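Architecture and fold: a report
Below are the chains, spelled out letter by letter.
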Amino acid sequence: MSAGRAAPAPQAPAIASTATPRTPEADASAVPTWERLALASGLPRLEARVLLGHASGRRREWLVAHGDEPAEARAAVAFAELARRRRDGEPIAYLTGSREFLGRDFEVSPAVLIPRPETELLVQAALERAPRGARVLDLGTGSGAIAISLACERADLSVLGSDASPQALAVAARNAQRLAGDALASGRLRLRAGSWWEAVDLQERFDLVVSNPPYVQAGDPHLAQGDLRFEPPQALAAGPDGLAALREVVAGASGRLQPGGWLLLEHGRDQDAAVRALLAGAGFTAILTLGDAAGLPRVTLGRRPE
Ligand code: GLN
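Let me begin by describing the structure that accompanies this report. All values derive from a computational prediction rather than experimental measurement.

**So, the nonpolar core**
Across soluble globular proteins, you tend to see nonpolar side chains buried next to one another. One finds Leu150, Leu189 and Leu264 to be the most contacted residues of the largest nonpolar core, which totals 30 residues. At the level of elements, helix 8 (119-129), helix 9 (145-153), helix 10 (166-186), strand 6 (206-211), strand 7 (257-266) and strand 9 (297-303) are the ones that each hand at least two residues to this core. Among all residues touching Leu264, those that are not within four sequence positions of it are Leu122, Ala125, Ala126, Arg129, Leu208, Val209, Val210, Ser211, Thr300 and Leu301. Judged by nonpolar contacts, the second largest core, of 22 residues, contains Trp197, Phe206, Leu265 and Leu279.

Structural data, given as C-alpha cells:
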C-alpha cells in the first residue's frame, strides 16, 4: 500500500481481468465476450446464462463453450435490457416467456401463474387415480400446465380446462396447440372460459376434478415480495384466509363428480387441515393429504362415495 495516494477507483473486476483481446477485430471494436457480459450483469451466473441464451438464441451449452468469444452485438443489447428487468425483480419465466413443467416447455406471460414444481405432485396424484378413459376437469387452468400435462401423459383421458381470464385462456390455447395439437383437434382436450363452476355445463360429469386455485391470504406479505409481485393477483390470493376459492371448488364438486370420482386440490402448507375439513363437510371419503418434495402438505384429495 503506498501511503498518501488515493486508492484506485474500483473497477468491474471481470471486465478488467479478462479484457485481453484475442483478435484484432475484437480489439478494434472492444466487444465484450459472452462470459464478460454474463459476469458484468451482476446476476447469478445461471440466471445470466438463461437470459443470455434467450437474447442470443444460443443454447446454454454453446454459450459456455464459446464464453471467451466476442458476443454478438444485437444479443448484447437485448441481454442488457433483460438483465436490467431481472435486476428490477421480474421473474425469469416472464422474461424468457417459458417455464418447464413435467418435462414440457409451457409458454407463460404475466396473465398466468408461473407453473411450480410442487404442482407436478397434483398431476402425478391425478394420473395415479384416473381410471381408463376418465373425464377430467382442471378448474383455473392458467397456462394449461395441469390440463395439458394430463392430456399428454395419458391418451385415454378427456380433459377440460377452464379459466375466468380470457388472457390466460389464450396462453393455454397456444400451449395446447403446440404441445397437444391432436388432442385439441379431436376434442379430447378442451378449454373453456368461466369462473370456477360457471365454465362447466350443468349436466357435465367428471371422474376427476383437479385444481390449483389461488390460496394465498389476501394480506400475506409474500405477495409484495419476489416473483409474486409480478404474477396475476387473482391467481394467487383468495380472501382473508386464502380459502375462498378452495371453498367454491369444493362446494360444487360433489354434484359434478361421478360416484367414486376424485377431487384433488393443491393448497398452502398450513391449509391441509382446513381443506380436509372442507372435504369431509362436503361428504367426501378417503380423504388424504400428500406432501411435496420439501415435505410440506401440498395436495389434499377425497372421493365422492359410490
Ligand atoms: N404456490 C404458490 C406460492 O405460494 C401459490 C400458488 C397458488 O396460489 N395457487 O407462491
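After that view of the structure, there is still more to cover.
**Quick word on the side chain of Asp156**
Tracing the sequence through the fold places Asp156 in the loop between helix 9 and strand 4 (158-163). There is a polar contact of 2.8 Å between the side chain of Asp156 and the backbone nitrogen of Gly133. Engagement of the side chain of Asp156 in a polar contact is seen with the side chain of Arg154, the distance being 2.7 Å. Here Asp156 is in contact with Pro131, Arg132, Gly133, Ala134 and Arg188, once residues within four sequence places are set aside.

**Concerning the environment of Val200**
Inspection of the secondary structure puts Val200 in the loop between strand 5 (189-193) and strand 6. Using a relative accessible area of 5% as the deciding quantity, one classes Val200 as buried. Put simply, Val200 and Gly161 are 39 residues apart on the chain and 9.7 Å apart in space, counted from C-alpha to C-alpha. When sequence neighbours within four positions are dropped, the list of residues in contact with Val200 reads Leu137, Leu139, Arg192, Phe206 and Arg256.

**Section: the packing of helix 8 against helix 9**
For the pair helix 8 and helix 9, the least separation of the axes is 10 Å and the interaxial angle reads 40°. Between helix 8 and helix 9, the interaxial angle falls into the category oblique. The hand of the helix 8/helix 9 crossing is right-handed. Contacts between helix 8 and helix 9 involve Thr119, Leu122, Val123, Ala126 and Leu127 from the first element and Ile146, Ser149, Leu150 and Glu153 from the second. Here the contact of helix 8 with helix 9 is built from residues that sort into 6 nonpolar, 2 polar and 1 charged.

**Here's the deal with helix 12 (residues 244-256)**
Look at helix 12: 19 Å from first C-alpha to last across 13 residues, which is about the 18 Å you get at 1.5 Å a residue. Those residues of helix 12 lying buried are Ala245, Leu246, Val249, Val250, Gly252, Ala253 and Arg256. Among the structural elements, strand 3 (135-139), strand 6, strand 7 and helix 13 (272-281) are those in contact with the buried residues of helix 12.

**Regarding the sheet that holds strand 4**
Pairing within the open sheet is mixed, and its 7 strands lie in the order 5-4-3-6-7-9-8. Sheet topology places strand 5 and strand 8 (285-291) at the edges, where each strand pairs with a single neighbour. With direction set aside, neighbouring strand axes in the sheet form an average angle of 15°. Sitting on the sheet, helix 9 is in contact with strand 3, strand 4, strand 5 and strand 6, with an inclination near 170° to strand 4. The strands touched by helix 10 within the sheet are strand 4 and strand 5, with strand 5 carrying the most contacts at an inclination of about 165°.

About the cut-offs
Residues numbered from 1 in each chain as written. Predicted model: local features only at pLDDT ≥ 70, side-chain atom pairs only at ≥ 80, totals over all residues. Heavy atoms only, no water. Core = buried A, V, L, I, M, F, W, Y, C linked by side-chain atoms within 4.5 Å. Buried < 20%, exposed > 50% of the residue type's maximum accessible area, 1.4 Å probe, protein only. Helix = DSSP H or I, 4+ residues; strand = E, 2+ residues; numbered from the N terminus. Contact = heavy atoms within 4.5 Å. Polar contact = N/O pair within 3.5 Å; in protein donor to acceptor, adjacent residues only side chain to side chain. Axes fitted to C-alpha atoms, helices over the stretch in contact; angles between N-to-C directions. Parallel < 35°, antiparallel > 145°, perpendicular 65-115°, else oblique. Left-handed = near helix turned anticlockwise from the far one by under 90°. Nonpolar A, V, L, I, M, F, W, Y, C, P; charged D, E, K, R; others polar. Expected span 1.5 Å × (residues − 1). Pairing = 2+ DSSP bridges.

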